[in-house]
Amino acid sequence: MVILLILVQSSHIKGKLVEYNLQEVNGSRLVYLDNAATSQKPSLVLDCLRNYYESFNSNVHRGIHHLSAKATDEYELARQKVATFINASESREIVFTRNATEAINLVAYSWGLSNLKSGDEILLTIAEHHSAIVPWQFVAQKTGAVLKFVTLTEEEVPDVEQLKSLILKKTKIVVLHHVSNALGSFLAIGDIVQWAHDVGAKVLVDACQSVPHLPVNVQELDADFLVASSHKMCGPTGIGFLYGKSKLLSSMPPFLGGGEMIADVFLDHSTYAEPPSRFEAGTPAIGEAIGLGAAVDYLSGIGMQNIHEYGLELGVYLYDSLQALPNVRIYGPAPSETVKRAPLCAFNVENIHPTDIATFLDQQHGVAIRSGHHCAQPLHRFLGVNASARASLHFYNTKDDVDRFIHALKDTISFFNSFQ
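Below, the structure is looked at part by part. Keep in mind the model is a prediction, meaning the values are calculated, not measured.

This next bit is on the sheet that holds strand β11 (residues 225–229). As summarised here, the arrangement of the seven strands in space is β6-β12-β11-β10-β9-β7-β8, forming an open sheet in which the pairing is mixed. Strands at the two margins of the open sheet, each flanked by one partner only, are β6 (94–97) and β8 (146–150). Strand after strand, the sheet turns through a mean of 20° between neighbouring axes, direction not considered. Two strands pair when backbone bridges link them, and strand β7 (residues 121–125) and β8 are joined in this way by five bridges, in the parallel orientation. Counterpart to Ile122 in the pairing with β8 is Leu147. Across the sheet, helix α3 (residues 100–115) touches β6, β9 (171–177), β10 (202–206), β11 and β12 (240–244), and the angle it forms with β11 is around 150°.

Below, the structure written as structure tokens:
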């Protein structure tokens, strides 16, 4: 693999040095358009991981020797970096988890099982990722709480007016995405949080597709919980984080039992540490947390507002380029001056299975996209399809990548149509 430092020429991040992957796949230069699934990692992050394991590999919080102290300092510095990145009021509002899925499960099993009872309502949209649905199904089965789902408008965005009408006194928590991983749509989280808080409900935001792409300010959003995954924001796999308001985290029981999350252990009972330690049982992913901190530094160096504006520009270019092809159906809203789209498109081509498209693009052109239901089966059923293809971009992608993708897609469509 060859890494090239390029000067991005978009008006939004013009002159910024961005690493670009020149690896070849199946004889063609790789065009990586699967960023909604996971992002590529800059050398800063890889060097940071290597430096931890080579220079101060040790467990955290448990040793007084030099290596342990160094590891602890860097681990907690990473927590502070994440807190600053999303503008949490203090670093102890950040809990490191294995990924966003574990973070949602933490809230579901700790807050959910402690606060929900029969007849209480959990409000979601049909466009949620499975990770935001399944844990609450478990909780509903155990507590008797009821799941309610918001559908889509004709523009194929979650129906915010319907959502507002369903927030009632029985509503105890609203669980929803910030940016859809299939529709490319944005939700007005601030308004929804206000409606929920008016009836005493909590709000959990799945920010996996927003934290890597735009400035996220948890104090402005006022959400009670927010989750994201490192691997989608140029950081290592195996770590994510939960943001929770301090008072809420302090009121919640532990999610897992073991070392590190305790204050004192007796034979018949234990007392628990304060958050975030209460929710970080056992040896954590130390190197990965430090790597996540490095990814935050990298993204901050480019500027999240710059990344966001460039992403909107790329998103429109991708949508318009796909829309110009015959027999292509793109899901989600059409971009306009008032409607913004994230830099991703889930789509189908008439009479061609999306997996066939993704396979041909990879094998014949070195273009990496995703096919399947994107962990959003209820959404796909609502749209009347079993699966879709998805191209998703990040700040290191260019309009040339989109052009290469469109050229390859045209060839793919021509190939399969030749058999019909």
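Picking up where we left off.
Now for the packing of helix α2 (residues 66–85) against helix α9 (residues 286–302). Put simply, α2 and α9 touch, their axes get as near as 8 Å, and they point 40° apart. Of the possible angle classes, the one that applies to α2 and α9 is oblique. Between α2 and α9 lies a crossing whose hand is left-handed. Together, Ala71, Glu74, Tyr75, Ala78, Lys81, Val82 and Phe85 of α2 and Ile286, Ala289, Ile290, Leu292, Gly293, Val296, Asp297, Leu299 and Ser300 of α9 make up the contact between the two elements. Of the residues that constitute the contact of α2 with α9, the class distribution is eleven nonpolar, two polar and three charged.

Take the pairing of strand β19 (residues 388–392) next. A large share of β19 lies buried, amounting to five of its five residues. Burial of β19 is two-sided: the residues Ser388, Arg390 and Ser392 facing one way and the residues Ala389 and Ala391 facing the other way are all buried. Pairing of strand β16 (residues 344–349) with β19, which is carried by four bridges, proceeds in the antiparallel orientation. Following the sheet pairing, Ala346 is matched in β19 by Arg390. Taken together, the three bridges between strand β18 (residues 370–372) and β19 define a ladder with antiparallel strand orientation. Each bridged residue has a counterpart across the sheet, and for Arg370 the counterpart in β19 is Arg390.

The antiparallel open sheet is built from four strands, whose spatial order is β15-β16-β19-β18. The outermost strands of the open sheet, each flanked by one partner alone, are β15 (328–330) and β18. Each strand axis lies, on average, 30° off the axis of its neighbour in the sheet, ignoring direction. Contacts between helix α11 (residues 354–365) and the sheet are confined to β16, β18 and β19, with β18 contributing the most and set at about 155° to the helix.

For the rest of this paragraph, the subject is α3. When the terminal C-alpha atoms of α3 are compared, their 21 Å separation across 16 residues agrees well with the 22 Å that a helix rising 1.5 Å per residue should span. Residues of α3 that are buried: Ala100, Ala103, Ile104, Asn105, Leu106, Val107, Ala108, Ser110, Trp111 and Gly112. Looking at where α3 begins, the residue whose side-chain oxygen comes 3.2 Å from the main-chain nitrogen of Thr101 is Asn99.

In this section: the nonpolar core. With 98 residues, the main nonpolar core has Leu322, Ile369 and Phe405 as its most contacted residues. Per-element tally for this core: the top contributor is α9, with ten residues. Discounting residues that sit within four places of it in the chain, Phe405 has contacts with Leu33, Leu318, Leu322, Phe347, Leu361, Val367, Ile369 and Ala391. Formed by 27 residues, the second largest nonpolar core is a distinct cluster that contains Val95, Val107, Ala132 and Phe225.

Calculation notes
Residues numbered from 1 in each chain as written. Predicted model: local features only at pLDDT ≥ 70, side-chain atom pairs only at ≥ 80, totals over all residues. Heavy atoms only, no water. Pairing = 2+ DSSP bridges. Helix = DSSP H or I, 4+ residues; strand = E, 2+ residues; numbered from the N terminus. Axes fitted to C-alpha atoms, helices over the stretch in contact; angles between N-to-C directions. Contact = heavy atoms within 4.5 Å. Parallel < 35°, antiparallel > 145°, perpendicular 65-115°, else oblique. Left-handed = near helix turned anticlockwise from the far one by under 90°. Nonpolar A, V, L, I, M, F, W, Y, C, P; charged D, E, K, R; others polar. Buried < 20%, exposed > 50% of the residue type's maximum accessible area, 1.4 Å probe, protein only. Expected span 1.5 Å × (residues − 1). Polar contact = N/O pair within 3.5 Å; in protein donor to acceptor, adjacent residues only side chain to side chain. Core = buried A, V, L, I, M, F, W, Y, C linked by side-chain atoms within 4.5 Å.

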